[in-house]
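# Topology and contacts: notes
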Amino acid sequence: MATTPESDRSTLESKQEASLPKGKCSSDALDIPSSEAATPAPPTFPEGGLQAWLTIFGGFMIVFCTFGTVQSFGVYQDYYTRVFLNGHVASDISWIGSMQTFLLFAGGLPSGKWFDDGYFHHCIASGSLIYLFSIFMLSLAQPHQYYQVFLAQGVGMGIGMGLLFLPAISVTSHYFRRRRTAAMGVVLSGSSVGAVVYPILLNNLFNKKVGFAWGVRTAAFIDLALLLTANFLMKTRLPSRRERPNVKPVNIRSILTDRGYWLCTIGASFVFWGLFVPFFYLQLFAELHGLPATLAFYAIPIMNASSLFGRTIPNFLGDYFGPFNVMIPCTALSGGLMFLMFGATGVAGTVVFGILYGFFSGGFISIITPAVASYSRDINEIGTRIGITSFVIGFALLTGTPIAGALVQEHHNGPYIWWRPLVFASVVVFSGTICLIVSRQILSSRKGTRIL
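Model, not experiment: these values are computed from the prediction.

With that out of the way, let us pick up the overall build of the protein. Each helix and strand in the protein was counted, giving 22 helices and zero strands. Expressed as lengths along the three principal axes of its C-alpha atoms, the size of the protein is roughly 110 × 45 × 35 Å. Considering only contacts within the protein whose residues lie at least 6 apart along the sequence, 84% involve residues at least 24 apart. By element, 67% of the accessible surface of the protein is carried by carbon and sulfur atoms, the whole surface being about 18,800 Å². Positive and negative side-chain charges in the protein, numbering 29 and 20 respectively, have mean positions lying 8 Å apart.

What follows is the structure in structure tokens.
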């Protein structure tokens, strides 16, 4: 009799069952424990490649537009104080920049969650639209109309930045693990480049025939080109939590009860409370102390140009020595350098202060994100932990520079008393440094290593 595929299959199955121990069947032999089957393979990281570096470049452009604008607010602070909003005290004007910075960081809480859930492109596309609409609205603001500037620059641009900033940094974790600190440093260096370009551009446009409106629009058109390019270049690589229904959810309780992580977050908040005082006030300080306008206009670009090296060199060192081991000395030196600003009353003093403070403060700003990520027990926690930290830091940034403004000038047309905001900034930065040192010790005990 000719055999059929069905008869062959039956014969093979009967042989397999005969070869099994008594009481077992072929289906039992193929069973895999459900816990083993559900365990996902650990993700791999290419540590480079074309798409990885295109994504890094896209993140660089987003940070150029967002954090680069935040670090350029000293130009607006000076122009608003002297010309555009000259009926308001320095503290009132600082609220515009601090609200913008607050929303950039506080927006990390929802955008970090959405990033983890797979809505990366939704975040950066909607953030780009809100940011661009708001900056064009700022160009239509009228002189001495404080509410128009506050809503467009403080609130609108801040919301757009909050949706853009954290996802642009966090997506590097899809491509890099061993070199993650360096990759994040490259992305964050975009803020230093932006904070060199924008002050030079805006100072020359605001104070020449072009004026405020077209100066802002020129920056807006640059942002339009960069954000559009970034939206096309950047791509995620790993499946999101939403695309892996079997993956364990983020344990929020373990994050909320992680003492070392919260010490790191509180320490970072103290540091950010005072860190941006020179970025907001150095140009005004230089002009009020009689420096030539040409040099005063370049005080912030000098500081931010140095910050470019501060956001790359320490990050590469952090991959070898650990982010905490590099970040803590940079933070302590930033607190001490605050007092050097008292010497920035001449050309040499301004240049030296700008170079040193820009470098060491840049080292803290760029490494705090991978330092926070060091506490993550799973890659799915990274966005959530960074988002929570960013949200808490936002409140420090919301109040830090207005407090400095109230300390430097108590009432309109009153004298400027510079030692008070600088002492305040230095004390809170040193306090944050102490918290970071204790946080590092806790993480060192947990991981059993001193390379942190």
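Now that the structure has been shown, the text picks up again.
Right, let's get into unusual backbone geometry. Positive phi, normally seen in glycine, also occurs at H144, with a value near 70°. Along the chain, H144 turns up in the loop between α9 (120-138) and α10 (146-170).

Considering all chains together, one arrives at 39 aromatic pairs under this definition. Aromatic ring contacts, followed pair by pair, group F67, F105, F165, F272, F276, F279, F353, Y357 and F364 into a single cluster. In this structure, R385 packs its charged tip against the face of Y261, placed 4.9 Å from the ring centre.

Take the state of the cysteines next. Taken as a whole and assessed by the stated rule, the structure comprises zero disulfides. Between C264, a free cysteine, and C435, which holds the nearest cysteine sulfur, the sulfur-to-sulfur gap is 9.7 Å. Here C330 stays unpaired: no disulfide links it, and the sulfur of C264, its closest cysteine neighbor, is 14 Å away. On the basis of relative accessible area, C330 is assigned to the buried category, the value being 7%.

Turning our eyes to something else, we now look at helix α18 (residues 313-321). Inspection of α18 places P314, N315 and G318 among the buried residues, and these make up the whole buried set. All buried residues of α18 lie within an arc of 100° about the axis, which places them on one face of the element. Count one or two residues on from α18 and you reach G322, which has phi positive near 100°.

Ranked by internal contacts, the top residues of the largest apolar core, which has 109 residues, are Y80, F272, F276 and F364. Per-element tally for this core: the top contributor is α10, with 10 residues. In contact with F272, not counting residues within four places along its chain, are F105, F364, I365, I368, I393 and L397.

The next subject is the side chain of R217. Following the sequence through the fold, R217 ends up in helix α12 (residues 211-233). Here R217 sits buried without a salt bridge, and the closest side chain of opposite charge, D223, lies 13 Å off (N-O distance). Apart from residues no more than four positions distant in its own chain, R217 is found in contact with F136, S139 and L140.

With that out of the way, let us pick up the confidence of the model for the protein. Mean pLDDT over the protein: 85, with 90% of residues reaching 70 or higher. Low pLDDT, under 50, characterises residues 1-37; the stretch is placed with seven contacts to residues that sit more than four places away or in other chains.

This structure, assessed with the given rule, holds seven salt bridges. With a closest N to O distance of 2.9 Å, R82 and D78 form a salt bridge. Of this pair, R82 and D78 are both found in helix α6 (residues 73-84), four residues apart, which corresponds to roughly one turn of the helix. Under the relative-accessibility criterion, R82 is labelled partly exposed at 34%. A relative accessible area of 1% means that D78 is categorised as buried.

As a packed pair, helix α19 (residues 323-337) and helix α22 (residues 419-447) sit with axes 8 Å apart at the nearest point and diverge in direction by 165°. Relative to α22, α19 is oriented roughly antiparallel. For the pair α19 and α22, the sense of crossing is left-handed. Contact with α19, carried on its side by F324, N325, M327, I328, T331, A332, S334, G335 and G336, involves S426, V429, F430, T433, L436, I437, S439, R440 and L443 of α22 and no other residues of that element. In terms of residue class, the contact of α19 with α22 is made up of nine nonpolar, eight polar and one charged.

What follows is about helix α15 (residues 277-288). If you check α15, its first and last C-alpha atoms are 16 Å apart, about what 12 residues at 1.5 Å a residue would give, namely 16 Å. Extensive coverage of α15 is indicated by the burial of 10 of its 12 residues. Listed in full, the buried residues belonging to α15 are V277, P278, F279, F280, Y281, L282, Q283, L284, F285 and A286. Once α15 ends, the next one or two residues include G290, with phi positive near 85°.

Reading the values: rules and limits
Residues numbered from 1 in each chain as written. Predicted model: local features only at pLDDT ≥ 70, side-chain atom pairs only at ≥ 80, totals over all residues. Heavy atoms only, no water. Helix = DSSP H or I, 4+ residues; strand = E, 2+ residues; numbered from the N terminus. Contact = heavy atoms within 4.5 Å. Areas by Shrake-Rupley, 256 points an atom, 1.4 Å probe, with all protein chains shown as cover. Lys, Arg positive; Asp, Glu negative; His and termini not counted. Charge placed at Lys NZ, Arg CZ, Asp CG, Glu CD. Phe/Tyr/Trp six-rings, centres within 6.5 Å; stacked < 30°, edge-to-face > 60°. Lys NZ or Arg CZ within 6 Å of the ring centre and 35° of its normal. Disulfide = S-S within 2.5 Å. Buried < 20%, exposed > 50% of the residue type's maximum accessible area, 1.4 Å probe, protein only. Arc of directions from axis to C-beta. Core = buried A, V, L, I, M, F, W, Y, C linked by side-chain atoms within 4.5 Å. Salt bridge = Lys/Arg side-chain N within 4 Å of Asp/Glu carboxyl O. pLDDT = per-residue confidence, 0-100. Axes fitted to C-alpha atoms, helices over the stretch in contact; angles between N-to-C directions. Parallel < 35°, antiparallel > 145°, perpendicular 65-115°, else oblique. Left-handed = near helix turned anticlockwise from the far one by under 90°. Nonpolar A, V, L, I, M, F, W, Y, C, P; charged D, E, K, R; others polar. Expected span 1.5 Å × (residues − 1).

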